[in-house]
Amino acid sequence: PGVFESRGIEQKLANGYGVMNLLRKIRHVYPVVVMSSQITSQSWGVFIELMKSLTQFVPNIQSHLNSFVYVFTHGFEHESNPKAFINSSINGKINALNPQEKANPDLVALLKDVAMKTNPVTGWKQAFLISDPRTPEVKFGDLLHTIVSGTPISRENAFTAFCDQE
């Protein structure tokens, strides 16, 4: 189940239950954040809410940033340079954070991590743009290799407290 991806309150509750049930059973996770232009539309507001949720879900997220992989999917094709657009938009959101958001060091660190990994000058590192599954730009083997080459976040180090409080 996805976050912010449901068809009503019943589906939202079922998704939440499914995620919590899964998290109670696993030992570790390789975090992959998948976003489409739907999530990043409307001034990227849902994107910021997703990032806030991640900082609550993974305590001390700053020590786990090297584990995160970001995948951007359909909806960016209309941009002449989608990668530059995504990176510019993320940097714009960082600069436009309200004072309460700026005071959240985990949120700021997570957003800066996305910006760093989507930097078109230094090359997309741990970030992928998949606008069409048939595109030769992304080799899915490279994506999977990047994911499993990262350091998994163990249940004990990250989301045990989240599971217990929910």
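The structure we're discussing is the one just above.
Each value, and the rule that gives it
Residues numbered from 1 in each chain as written. Predicted model: local features only at pLDDT ≥ 70, side-chain atom pairs only at ≥ 80, totals over all residues. Heavy atoms only, no water. Buried < 20%, exposed > 50% of the residue type's maximum accessible area, 1.4 Å probe, protein only. Helix = DSSP H or I, 4+ residues; strand = E, 2+ residues; numbered from the N terminus. Pairing = 2+ DSSP bridges. Axes fitted to C-alpha atoms, helices over the stretch in contact; angles between N-to-C directions. Contact = heavy atoms within 4.5 Å. Parallel < 35°, antiparallel > 145°, perpendicular 65-115°, else oblique. Left-handed = near helix turned anticlockwise from the far one by under 90°. Nonpolar A, V, L, I, M, F, W, Y, C, P; charged D, E, K, R; others polar.

Q: Looking at this structure, how should I read the pairing of strand β3 (residues 69–72)?
A: The side chains of a regular strand alternate, first on one face of the sheet and then on the other. Of the two faces of β3, the one holding V69 and V71 and the one holding Y70 and F72 are both buried throughout. Examined bridge by bridge, strand β2 (residues 32–35) and β3 share four bridges and lie parallel to one another. In the sheet register, V33 faces β3, and the bridge partner there is Y70. As paired strands, β3 and strand β4 (residues 127–129) are joined by three bridges and run parallel to one another. When the bridges of β4 are listed, F72 appears paired with L129.

Q: What am I meant to see in the sheet that holds β2 here?
A: Sheet strands pair by backbone hydrogen bonding; their relative direction is either parallel or antiparallel. What the three strands build is an open sheet, ordered β2-β3-β4; its pairing is parallel. Of all the strands in the sheet, just β2 and β4 have a single pairing partner and so form its edges. Taken pair by pair, the neighbouring strands of this sheet meet at an average axis angle of 15°, ignoring direction. Each of β3 and β4 touches helix α6 (residues 105–117); the most contacted strand, β3, lies at about 65° to it.

Q: Teacher, can you tell me more about the packing of helix α3 (residues 45–57) against α6 here?
A: Packed helices, taken two at a time, are described by the angle their axes make and the gap between the axes. Between α3 and α6, the least distance of the axes is 9 Å, while the angle of their chain directions is 120°. In terms of orientation, α3 and α6 fall into the oblique class. Judged by the twist between their axes, the crossing of α3 over α6 is right-handed. Contacts from F47, I48, M51, K52, L54 and T55 of α3 reach α6 at D106, L107, L110, L111 and V114. Looking at the contact of α3 with α6 residue by residue, the classes come out as eight nonpolar, one polar and two charged.

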